[in-house]
Amino acid sequence: FFSKIPSVPRLSSNVQLQLLSWNPYVTGNSVIAMKYKDGVIMACDTGASYGSTLRYKSVERIKEVGKHSLIGGSGEFSDFQEILRYLDELTLNDHMWDDGNSLGPKEIHAYLTRVMYNRRNKFDPLWNSLVLGGVKKGPKGDEKYLGMVNMIGTHFEENHIATGFGNHMAIPILRGEWREDMTFEEAVKLIEKCLLVLLYRDRSSINKFQIAKITTEGSTIYPPYALKTNWGFAAFENPSKGAVGTW
């Protein structure tokens, strides 16, 4: 009987790795960024989930890129690390030219759009949504730049950006309250309002956030901190009240 069972071909290690790349494993949540009076501000929490389990709580997902840019990544964290390796090679190669010029945020964003679209066309995508912001002196003075690109290469430039769940919950807040002439303190207040909404509504978010800014003077990534929360709202105490069909 057993001799009649057809044998199942064993997948090669390369095929197995490609199958693994089709699904994210350890993922980070929303990244929020916006322009303000002096530069660009970016924020996200420091959590990373293994499936639906909040496995890691001190993961930093905002990094410096060259002299003029910051990058924030949501999605698969190992893919984000691979992207950072690409960017290290890019900025090192640019530095080796020693021509007095350096890549700005616009050029790095364009590079990332090509990388993400190229990997998508190979059916081996980098499972991330990336936010790239920065400030560089141009013909019209200090030029602020903020753009995003996702795992299939879709990209755009905007005054304020949110990835992941923040695209649904934070963008309406930013559209209503963002101003181009905001001070850094006002920008932090607005960012924290968005982060707090995500903390209440996104089950994968944690109360440990990191904020970064970049201006013509350089970039600063601040240490993680927590926000004051209130879980005494009636909707939190009895979330199933009025919901038909819930337990």
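Position labels on residues start from 1 in each chain and follow its written sequence. Whole-chain, interface and lining totals are the exception, using all residues; otherwise, since this is a predicted model, local features are given only for residues with pLDDT of at least 70 and side-chain atom pairs are given and counted only at 80 or more. Only hydrogens and water are removed before side-chain values are computed, so all heavy atoms of the structure are retained for them.

Our focus in this paragraph is the confidence of the model for the protein. Along the chain, pLDDT gives the predictor's confidence residue by residue, from 0 to 100. Looking at the protein, pLDDT values average 88 and 90% of them are 70 or higher. Between residues 1-8, whose pLDDT stays under 50, and residues either more than four places distant or in other chains, the model counts 0 contacts. What makes two residues a contact is simply this: any of their non-hydrogen atoms within 4.5 Å.

Turning to helix α6 (residues 184-201), a few remarks are in order. Where helices and strands are cited, they refer to DSSP runs of H or I of at least four residues and of E of at least two residues respectively, numbered from the N terminus. Take the number of residues in a helix, subtract one, and multiply by 1.5 Å to get its expected span. Given a rise of 1.5 Å per residue, 18 residues ought to cover 26 Å, and the 26 Å separating the end C-alpha atoms of α6 matches this to within 8%. Exposed residues in this analysis have more than 50% of their type's maximum accessible area, buried residues have under 20%, and partly exposed residues fall in between, with area computed by a 1.4 Å probe over protein chains only. Within α6, burial applies to Phe184, Ala187, Val188, Leu190, Ile191, Cys194, Leu195, Leu198, Leu199 and Tyr200.

The subject of this paragraph is the nonpolar core. Nine residue types can take part in a nonpolar core, namely buried Ala, Val, Leu, Ile, Met, Phe, Trp, Tyr and Cys, and a core is a set of them joined through side-chain atoms within 4.5 Å. Among the nonpolar cores identified, the biggest contains 24 residues, and Ile32, Met34, Ile41, Leu174, Leu190, Ile191 and Leu195 are the most heavily contacted of them. When residues of this core are traced back to their parent elements, those giving at least two are β2 (31-35), β3 (40-45), α5 (171-177), α6 and β12 (209-215). Here this core gets 9 residues from one element, more than from any other, and that element is α6. Filtering out sequence-adjacent residues up to four positions away, isoleucine 41 remains in contact with Ile32, Ala33, Met34, Tyr36, Phe184, Ala187, Val188, Ile191, Ile211, Ala212 and Lys213. Grouped together as the second largest cluster of nonpolar side chains are 19 residues, Val59, Phe80, Leu84 and Val115 included.

Looking now at the environment of glutamate 157. Here glutamate 157 lies in strand β10 (residues 155-157). Glutamate 157 sits 24 residues away from glycine 133 along the chain, and the two C-alpha atoms are 9.6 Å apart. Leaving out residues up to four positions away in the same chain, glutamate 157 has contacts with Lys35, Tyr145, Leu146 and Gly147.

So, on to the environment of cysteine 44. Examined against the element boundaries, cysteine 44 turns out to sit in strand β3. When its relative accessible area of 0% is taken as the criterion, cysteine 44 is described as buried. For the pair formed by cysteine 44 and serine 205, sequence separation is 161 residues and the distance between their alpha carbons is 9.3 Å. Excluding residues that lie within four positions of it along the chain, cysteine 44 makes contacts with Ser30, Val31, Arg61, Ile62, Leu195, Lys208, Phe209 and Gln210.

What the 5 strands build is an open sheet, ordered β11-β2-β3-β12-β13; its pairing is antiparallel. Each edge of the open sheet is held by one strand with a lone partner, namely β11 (160-162) and β13 (218-221). Pairs of neighbouring strands in the sheet enclose a mean axial angle of 10 degrees, with direction left out of account. Strand pairing is assigned whenever DSSP detects at least two bridges linking the two strands. Summarising the sheet, β2 and β3 pair through 5 bridges and their orientation is antiparallel. By the bridge assignment for β3, alanine 33 is matched with methionine 42. In this analysis, axes come from line fits to C-alpha atoms, helices being fitted only over the stretch in contact, and the angle between any two N-to-C directions falls in the range 0 to 180 degrees.

Pairing of aromatic rings covers Phe, Tyr and the six-membered ring of Trp, with a centre-to-centre limit of 6.5 Å; geometry is then stacked below 30 degrees between planes, edge-to-face above 60, and tilted otherwise. Counting across every chain of the model gives 4 aromatic pairs. Geometrically, the ring pair formed by tyrosine 36 and phenylalanine 184 is tilted, given 5.8 Å between the ring centres and 50 degrees between the ring planes. Pair noted here: tyrosine 36 is in the loop between β2 and β3 and phenylalanine 184 is in helix α6, with a separation of 148 residues, a long-range link. A relative accessible area of 1% means that tyrosine 36 is categorised as buried. The class of phenylalanine 184 is buried, set by a relative accessible area of 18%. Taking 4.9 Å as the distance between ring centres and 90 degrees as the angle between the ring planes, the aromatic pair formed by tyrosine 200 and tryptophan 231 counts as edge-to-face. Residue tyrosine 200 is found in helix α6, and its partner tryptophan 231 is found in the loop between β13 and α7 (234-237); the two are separated by 31 residues along the sequence. Residue classification places tryptophan 231 among the partly exposed positions, given a relative accessible area of 45%. Through a chain of ring-to-ring contacts, three or more aromatic side chains come together here, namely Tyr36, Phe184 and Tyr222. Here, a charge over a ring means that NZ of Lys or CZ of Arg falls within 6 Å of the ring centre while also lying within 35 degrees of the ring normal. When the ring centre of phenylalanine 184 is taken as reference, the NZ or CZ atom of lysine 213 above it lies at 4.6 Å.

Look at helix α3 (residues 105-121): 24 Å from first C-alpha to last across 17 residues, which is about the 24 Å you get at 1.5 Å a residue. When we look at burial in α3, the residues that qualify are Pro105, Ile108, His109, Leu112, Thr113, Val115, Met116 and Arg119. Buried residues along α3 cover an arc of 165 degrees about the axis, so they all sit on one side. Buried residues along α3 sit in contact with β6 (62-65), β7 (69-76), α2 (77-96), β8 (128-138), β9 (141-149) and β10. Phenylalanine 123 lies just past α3 and shows a positive phi near 55 degrees. Throughout, the arc means the angular range of directions from the helix axis out to the C-beta atoms.

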